[in-house]
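Summary of structural features
Residues per chain are reported as follows:
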Amino acid sequence: MSATNCLRCLGRPSVAGASRGVVVPVFAPRTAPFSTTAIQNALPAKGKSGEHQDRSVRVYRAGRKMTFKKKHTGDRGKPPAPGERKAFRKKIVLSNDNALPVPWVTEMEASSLSNENKVGTIVSLPPAVQDQLRATEAFQPTQTWGLFRKPSTLIRKETVELVGKMEKATANKQTARVVLTGEKISGKSTMLIQAQSYAYLNNWIVIHFPDAQELTNGSTEYAPVPNTENPTLYMQQNYCLKLLQSIKKANEKILAKLLTVSNHSELPQNIPVNQTLLSLINAAKEAEGAWSVFQALWSELNAHGANRPPILLSMDNLPHIMKISEYRSASFDKIHSHDLSLVKLFTEALSGNTRFPSGGAVIAATNRNNGPRIPSMELALKQRLAEQRASQEETVPVRDPYFKGYDDRVEKVLKSVEVMEVNRIGKREARSLMEYWAASGLLRTTVDEQTVSEKWTLGGGGVLGEMERAALLTMKI
Amino acid sequence: MVSLFGVNFHEAKLVQKALQHFYALGPQTATRIMAKHYIHPRAKIGTLSPKTVIALTAELSGMVIESDARNIIQDNIKRLRDMGTYRGRRHAMNLPVRGQRTRNQNMTAIKLNRVERQG
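The structure displayed is predicted, hence computed values, not measured ones.

Quick notes on the overall build of chain A
Across its full length, chain A holds 16 helices and 14 strands. The buried share of chain A, reckoned over its 477 residues, is 37%. By sequence separation, contacts in chain A at least 24 residues apart represent 70% of the contacts at least 6 residues apart.

Written as structure tokens, this is what we have:
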């Protein structure tokens, strides 16, 4: 006698079985009751094909057109709105309420960064400076500000040296021209932040280019500057407008006090003498006239005899402006980065051709992570370092006669700059940093000589970012 | 939507891609056209000024693209066919023209090779 149910169906008795008094299971739900899979990920209910979409794939096989149905992958939800992903990627978090406040961290003052006795201490950035630094996009999402209660920085030996140079230059109404170089994640961008903080606290005017790459990688609009030939210069109006707005936001208080010394009738809105520089910046409402407004602002800031404050001109990711840009001229020739007017303004200042009336500083930081290799720049920086050391044993390196990739324009710009190496921190600095980490509740070990030595060694012998990686980011969630 | 040479493009479309949408206008020509009008490589078509869009349309209308370019190819094939050449015949039979084998893998030829060739 054959069974009414086949063996495979024994687990789920048929209706016929039910009539024989077998317990009927409750109606099976759409997803298995023990499943932890979200309903969204489950297979769609069969039967209703009203929402069926054609997901078939057509291929040619053996001369015939064949159609295969693709598996339905389920609803993927709404994709993020335009710009949402980038905003998330660029999000800067400066505080963490779960981290403990560190009692001995004091707020940065105008003179703290140049004080040699403060080397190895941690100071926090005042809220006003934080806003200014945010406005110039000085903070980077890869830095670890978001782990601590308050954004604070370590005063390094190099910080005091750099700020000392800035101080000394302005005292003599000179311009300090410094290129920061050093290993990957050794703290070059953070040094720029410190230099800027010093400038803000001492009422300088700060113009910061957060990422040189944005100027040269062909991602902003460009147009030739009228009446420039041999070489033709190119202006980047949209970038200029963005830069003007960041300058305005970061230096609002000082700009509101400075007055124009000459008439600017060429601007979209006529700016007569004795107007504030803030109103001059406000004249740039659209990208259209942004470059001319920027030029006017630059000439006003550099007006001699007008009692202007010192200027800090800084740029991160320097190698990007030392190469041929991605832009092309109308005759399809590649445009050298130094022919872009904003870049030219910076290189003129870096090479010392522009002199600020009340002195100031031009600081550029190289980058190792995504920076292009610029043989001329590398050579020039090595030459400057060798010249600075001026030792008998070391000779100044020269060009390789068999290599063609050198660029005269780059070497000319870097001919007389000071080069500062931002390298490894000492164990004393490392210890105070680790004590700060431990007091913030982020490093859960006792900080003694052994742990400091361990993390210092794990971090490539005191490379600050590597130490952070070894000690802090292992527990990053 | 931005209308370029009679075709509507979404604002978020790259200018480079929009230009390459036209038949017989490849990456080289598109880059050159963009350089001529000072359009940066990553420009989206929505950011172009109306003046630039008109200038681009004028530029494209002077070029041999789309149906003009297709006609040239079709004429060339038709000439081969009318002369009775082997290549012309192979085109007419939708078979490979340049000596490839036809036992396997000739689908591209079957799809494309014909006297009134479309793509």
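Moving on from the model shown.
Regarding the overall build of chain B
When its secondary structure is counted, chain B shows 6 helices and 2 strands. Ordered by position from the N terminus, the helices and strands of chain B form the series β-β-α-α-α-α-α-α. Against the 2.2 N^0.38 benchmark of 14 Å for 119 residues, chain B shows a C-alpha radius of gyration of 19 Å, more extended than a compact globule. Each principal axis of the C-alpha distribution contributes one length, and for chain B these read about 50 × 30 × 25 Å.

Quick look at the interface of chain A and chain B
Every contact between the two is made by 14 residues of chain A and, on the other side, 9 residues of chain B. Here the residues of the side of chain A that touches chain B are counted per class, giving 6 nonpolar, 5 polar and 3 charged.

What about helix 12 (residues 375-389) of chain A?
Residues and elements named next belong to chain A. An ideal rise of 1.5 Å per residue puts 21 Å on 15 residues; helix 12 measures up with 21 Å between its terminal C-alpha atoms. Burial in helix 12 covers these residues: Ser376, Met377, Leu379, Ala380 and Arg384. Projected down its long axis, helix 12 shows its buried positions confined to an angular sector of 165 degrees, all on one face. Those residues of helix 12 that are buried lie in contact with helix 13 (408-413) and strand 14 (418-421). Directly beyond the C-terminal end of helix 12, a positive phi value near 50 degrees is found at Ala390.

A few points about the packing of helix 3 (residues 127-135) of chain A against helix 5 (residues 188-201) of chain A
Residue and element names in this part refer to chain A. Close contact between helix 3 and helix 5 brings their axes to 10 Å; oriented N to C, the two are set at 120 degrees. One way to sum up the angle between helix 3 and helix 5 is to call them oblique. Of the two elements, helix 3 crosses helix 5, and the hand of that crossing is right-handed. In this structure, helix 3 contributes Val129, Gln132 and Leu133 to the contact, and helix 5 contributes Ile193, Gln196, Ser197, Tyr200 and Leu201.

Digging into the sheet that holds strand 13 (residues 360-365) of chain A
All names here are of chain A. Reading across the sheet, the 5 strands line up as 7-10-13-6-14 and stay open at both edges, with parallel pairing between neighbours. Of all the strands in the sheet, just strand 7 (205-209) and strand 14 have a single pairing partner and so form its edges. Shown here is a sheet whose adjacent strand axes are inclined to one another by a mean of 20 degrees, direction ignored. In the packing of helix 12 onto the sheet, the strands contacted are strand 6 (175-181) and strand 14, and the crossing angle to strand 14 comes to about 90 degrees.

Structural notes on unusual backbone geometry
Residues Asn230 of chain A and Pro231 of chain A are joined by a peptide bond in cis, for which omega reads -5 degrees. Mapping Pro231 of chain A onto the fold places it in the loop between strand 8 (223-224) and strand 9 (234-235). The phi dihedral of Phe5 of chain B is positive, around 55 degrees, even though this residue is not glycine. Counting through the fold element by element, Phe5 of chain B comes out in the loop between strand 1 (2-4) and strand 2 (7-9). Taking the C-beta count within 10 Å as the criterion, Phe5 of chain B has 20 such neighbours and is therefore assigned buried. Backbone geometry at Ala24 of chain B places phi at a positive 70 degrees, although glycine is not the residue there. Position of Ala24 of chain B relative to the elements: it lies in the loop between helix 1 (15-20) and helix 2 (27-36). Exposure remark for Ala24 of chain B: the 15 C-beta atoms within 10 Å place this residue in the partly exposed category.

Overview of the sheet that holds strand 4 (residues 122-124) of chain A
Where strands meet in a sheet, backbone hydrogen bonds hold them as pairs that are either parallel or antiparallel. All names here are of chain A. On the basis of which strands lie adjacent, the open sheet formed by 3 strands has the order 3-4-5 and mixed pairing. With one partner strand each, in any of the chains shown, strand 3 (106-107) and strand 5 (152-154) form the two edges of the open sheet. Sheet topology note: the strand 3/strand 4 ladder contains 2 bridges and is parallel. Among the inter-strand pairings, Glu107 is bridged to a residue of strand 4, identified as Ser124.

Points about the packing of helix 15 (residues 449-458) of chain A against helix 16 (residues 464-471) of chain A
Residues and elements named next belong to chain A. The geometry of helix 15 relative to helix 16 is characterised by a closest axis approach of 7 Å and an angle of 115 degrees between their N-to-C directions. When you trace helix 15 past helix 16, the crossing you get is right-handed. Seen from helix 15, the contacting residues are Lys455, Trp456 and Leu458; seen from helix 16, they are Met467, Ala470 and Ala471. Looking at the contact of helix 15 with helix 16 residue by residue, the classes come out as 5 nonpolar, no polar and 1 charged.

With respect to the pairing of strand 13 of chain A
All names here are of chain A. In terms of burial, strand 13 is largely enclosed, as 6 of its 6 residues are buried. Residues of strand 13 alternate between two faces, with Gly360, Val362 and Ala364 on one and Ala361, Ile363 and Ala365 on the opposite face, all of them buried. In terms of strand pairing, strand 6 meets strand 13 through 6 bridges, oriented parallel. Considered in strand 13, the bridge of Thr175 is made with Gly360. Pairing geometry for strand 10 (residues 311-316) and strand 13, over 6 bridges, is parallel. Bridge pairing in strand 13 links Ile311 to Gly360.

Thresholds applied
- Residues numbered from 1 in each chain as written.
- Chains lettered and ligands numbered in written order.
- Predicted model: local features only at pLDDT ≥ 70, side-chain atom pairs only at ≥ 80, totals over all residues.
- Helix = DSSP H or I, 4+ residues; strand = E, 2+ residues; numbered from the N terminus.
- Buried ≥ 20, exposed ≤ 12 C-beta atoms within 10 Å, placed from the backbone.
- Contact = placed C-beta atoms within 7 Å.
- Rg over C-alpha atoms; globule rule 2.2 N^0.38 Å.
- Nonpolar A, V, L, I, M, F, W, Y, C, P; charged D, E, K, R; others polar.
- Expected span 1.5 Å × (residues − 1).
- Arc of directions from axis to C-beta.
- Axes fitted to C-alpha atoms, helices over the stretch in contact; angles between N-to-C directions.
- Parallel < 35°, antiparallel > 145°, perpendicular 65-115°, else oblique.
- Left-handed = near helix turned anticlockwise from the far one by under 90°.
- Pairing = 2+ DSSP bridges.

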